[in-house]
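Structural overview for review
If you want the building blocks of each chain, they are given just below.
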Amino acid sequence: MIRSGVLARYRRLRQISKEQHAAVLDIIAHDVLLDWARRLDLTEGKAVVLENDNELTLPEDLAIYLPRLGRSHPLDRYARVARFTSDSDEAIVLAAMRRACFSLWRIERRHPVTGLILRDLLRDKETWLIDEAMEKNAPLGMEMAARLLQPESFAMTARIIVPLLPDLMTRTELMEEVFTRAPALTRLQGDTLAGDPRFAIGVYRAAVATGAMDRVRFKRK
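Residues numbered from 1 in each chain as written. Predicted model: local features only at pLDDT ≥ 70, side-chain atom pairs only at ≥ 80, totals over all residues. Heavy atoms only, no water.

This brings us to the packing of helix 1 (residues 3–26) against helix 4 (residues 74–82). Between helix 1 and helix 4, whose axes approach to 10 Å, the crossing angle comes to 100°. What the angle tells us is that helix 1 and helix 4 run roughly perpendicular. Together, Q20, A23 and V24 of helix 1 and P74, L75 and Y78 of helix 4 make up the contact between the two elements. Of the residues assigned to the contact of helix 1 with helix 4, the class counts are five nonpolar, one polar and no charged. (Axes fitted to C-alpha atoms, helices over the stretch in contact; angles between N-to-C directions. Helix = DSSP H or I, 4+ residues; strand = E, 2+ residues; numbered from the N terminus. Parallel < 35°, antiparallel > 145°, perpendicular 65-115°, else oblique. Contact = heavy atoms within 4.5 Å. Nonpolar A, V, L, I, M, F, W, Y, C, P; charged D, E, K, R; others polar.)

Let us now look at the sheet that holds strand 4 (residues 116–120). Backbone hydrogen bonds hold the strands of a sheet together, and the pairing may be parallel or antiparallel. Taking strand neighbours across the sheet as the criterion, the five strands line up as 5-4-3-6-7 in an open arrangement whose pairing is antiparallel. A single partner strand is all that each edge strand has here, and the edge strands are strand 5 (125–129) and strand 7 (156–164). Strand after strand, the sheet turns through a mean of 40° between neighbouring axes, direction not considered. Here strand 6 (residues 143–149) pairs with strand 7 via six bridges, running antiparallel. Bridging from a neighbouring strand, M144 pairs with P163 of strand 7. (Pairing = 2+ DSSP bridges.)

A few words now on the environment of I160. Mapped onto the elements of the fold, I160 is located in strand 7. In the structure, I160 is positioned 15 residues away from A145 in sequence and 8.9 Å away in space, judged by C-alpha atoms. Residues contacting I160, with those up to four places away along its chain left out, are N54, T57, L58, A146, R147, Y204 and M213.

Attention now goes to helix 7 (residues 171–181). When we look at burial in helix 7, the residues that qualify are L174, M175 and V178. For helix 7, the arc enclosing every buried residue in end-on projection is 95°, short of the 170-degree limit, so these residues lie on one face. Residues of helix 7 that are exposed and point more than 90 degrees away from the buried face comprise T172 and T180. Lining the buried residues of helix 7 we find strand 3 (101–110), strand 7, helix 8 (190–195) and helix 9 (197–210). (Buried < 20%, exposed > 50% of the residue type's maximum accessible area, 1.4 Å probe, protein only. Arc of directions from axis to C-beta.)

Here we come to the packing of helix 1 against helix 5 (residues 89–98). Where helix 1 contacts helix 5, the two axes come as close as 9 Å, and the packing angle between them is 65°. On the basis of the axis angle, helix 1 is roughly perpendicular to helix 5. Seen from above, helix 1 lies across helix 5 with right-handed handedness. For the pair helix 1 and helix 5, the contacting residues are R9, R12, L13, I16, S17, Q20, H21 and V24 in the first and D89, E90, I92, V93, L94 and M97 in the second. (Left-handed = near helix turned anticlockwise from the far one by under 90°.)

On to helix 3 (residues 57–65), then. Burial of helix 3 is extensive: nine of the nine residues sit out of reach of the surface. Of the residues making up helix 3, those classed as buried are T57, L58, P59, E60, D61, L62, A63, I64 and Y65.

A separate point is the packing of aromatic side chains. This model, assessed by the stated rule, comprises five aromatic pairs. The interplanar angle of 75° and the centroid separation of 6.0 Å between the aromatic rings of F102 and F199 together place this pair among those described as edge-to-face. Of this pair, F102 sits in strand 3 while F199 sits in helix 9; the two residues are 97 residues apart in sequence, bridging distant segments of the chain. Residue F102 is classed as buried on the basis of its relative accessible area, which comes to 3%. What makes F199 buried here is its relative accessible area of 0%. Summarising the aromatic geometry, the rings of W128 and F154 are spaced 5.9 Å apart at their centres and angled 75° between planes, so their arrangement reads as edge-to-face. Of this pair, W128 sits in strand 5 while F154 sits in the loop between strand 6 and strand 7, and the two are 26 residues apart along the sequence. Note on accessibility: W128 and F154 belong to one class, buried. Site record: aromatic cluster; members linked through ring pairs are Y10, W128 and F154. (Phe/Tyr/Trp six-rings, centres within 6.5 Å; stacked < 30°, edge-to-face > 60°.)

Before going further, it helps to spend a moment on unusual backbone geometry. Positioned with a positive phi, D124 is a non-glycine residue whose angle comes to about 55°. By the element assignment, D124 lies in the loop between strand 4 and strand 5. The phi angle at R159 is positive, at roughly 85°, despite the residue not being glycine.

Structural data, given as structure tokens:
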């Protein structure tokens, strides 16, 4: 693999990902987004109240990736409208979005070509992540919560990360907060825990409560 070629492919798919996330948000009703913001304690009355713009991506992520009870999945509705040809890059990215993987991650080392090797702390496996801002700025050993897409042999972030920083919220403190709010999750492990919608909701609620999103300084590419 040649670094320039891999990065060119990543940038192409990353741009498509940005466009598709924006397009899916366009078909999501305002009251749905407001309801997710309310569940994350980001509302006063019928208004969304934010400490910083990064916080808005949390309810947006839930609105995109979690279907409302009794309603079709937003990504399924978007797919029916978009009707991409099966071999297009747009279809590849959308398929990756539909397989998106939420978990807790730790940066283990640099990839020999470009990007980072992450360890999935719930599933105990490694993933190759390309994110130019994180590669440049994030320290080895950093832990975070994030939803990843894997359109190729590499993965990309789905717009947002929640950093787990010792002075704000360690992984242990995060898990305690999540389990306190949703005790049923204590019976789950690994892929089952990571894939439960209540886990992402709990992580994002904790991020809001601790102000973790104030510390997201990586410029998203």
